[in-house]
Amino acid sequence: AWVCRVVVSVVWTAYLVYASHVAESTRKRESQLQDDLCAAVQALRDGRRADSMLNHILKNNMADATGCIELFRREHPGAGGKLSTACDILFRGISWCKLREAMLSIVA
């Protein structure tokens, strides 16, 4: 009878040690997954901010280029065709940047 009590005590102690180990391993794994998820979310936010800044810079540069071309065309009335096409292309680029920004703000 005392042998059974000793065996049961040893088995119960081994089970408690094992259960504690499993619980600790699970907690560590969940903590690591949560940290990885937080890092991924932060990377997405940083990427969106960088993308928004790039869009803003591109729009401004295209608008500046369009303005320079328009000033040149006013000073040189004969230089129209290709420069007018360049202005149209830049305007389309500005429109696409604005559309992309609007899409990003809808998704965010």
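Shown above is the structure to which this text applies.
Right, let's walk through the structure included here. Just so it is clear, the model here is predicted, and its values are computed rather than measured. (Residues numbered from 1 in each chain as written. Predicted model: local features only at pLDDT ≥ 70, side-chain atom pairs only at ≥ 80, totals over all residues. Heavy atoms only, no water.)

Moving on, we get to the nonpolar core. Across soluble globular proteins, nonpolar side chains have a tendency to be buried as a group. Counting residues in each nonpolar core, the largest one holds six residues, listed as Met 62, Ile 69, Cys 87, Leu 90, Ile 94 and Cys 97. At four residues, the largest contribution of residues to this core is made by helix H2 (residues 81–107). Sequence-distant contacts of Leu 90, defined by excluding residues within four places in its chain, comprise Met 62, Ala 65, Thr 66 and Ile 69. (Core = buried A, V, L, I, M, F, W, Y, C linked by side-chain atoms within 4.5 Å. Buried < 20%, exposed > 50% of the residue type's maximum accessible area, 1.4 Å probe, protein only. Helix = DSSP H or I, 4+ residues; strand = E, 2+ residues; numbered from the N terminus. Contact = heavy atoms within 4.5 Å.)

Looking now at the side chain of Thr 66. Relative to the helices and strands, Thr 66 is located in helix H1 (residues 2–75). A relative accessible area of 18% means that Thr 66 is categorised as buried. A distance of 2.8 Å separates the side chain of Thr 66 from the backbone oxygen of Met 62, its partner in a polar contact. Discounting chain neighbours no more than four positions away, the residues touching Thr 66 are Cys 87 and Leu 90. (Polar contact = N/O pair within 3.5 Å; in protein donor to acceptor, adjacent residues only side chain to side chain.)

On to a nonpolar patch on the surface. Taken together, Trp 2, Val 3, Val 6, Val 7, Val 10 and Val 11 make up a surface patch of nonpolar side chains, about 590 Å² in accessible area. In this structure, Trp 2 sits in helix H1. (Patch = residues over 30% accessible without salt bridge, like charges linked within 9 Å, V, L, I, M, F, W, Y side chains within 5 Å. Areas by Shrake-Rupley, 256 points an atom, 1.4 Å probe, with all protein chains shown as cover. Salt bridge = Lys/Arg side-chain N within 4 Å of Asp/Glu carboxyl O.)

Considering the arrangement of structural elements, one finds Gly 47 in helix H1. For Gly 47, a relative accessible area of 37% gives the class partly exposed.

Now for the pattern of salt bridges. Tallied over the entire structure, the rule returns five salt bridges. Between Arg 27 and Glu 24 there is a salt bridge; the shortest N-O distance is 2.8 Å. Taken together, the residues Arg 27 and Glu 24, both in helix H1 and three residues apart, mark about one turn of the helix.

Direction vectors running N to C along H1 and H2 enclose 160 degrees, while the axes themselves pass 9 Å from each other. Relative to H2, the element H1 is oriented roughly antiparallel. Remark: the crossing between H1 and H2 carries left-handed chirality. (Axes fitted to C-alpha atoms, helices over the stretch in contact; angles between N-to-C directions. Parallel < 35°, antiparallel > 145°, perpendicular 65-115°, else oblique. Left-handed = near helix turned anticlockwise from the far one by under 90°.)

This brings us to the environment of Val 6. Counting through the fold element by element, Val 6 comes out in helix H1. Taking the C-alpha atoms as reference points, Val 6 and Val 41, separated by 35 residues in sequence, lie 52 Å from one another.

Nothing here speaks to function; it is geometry throughout.
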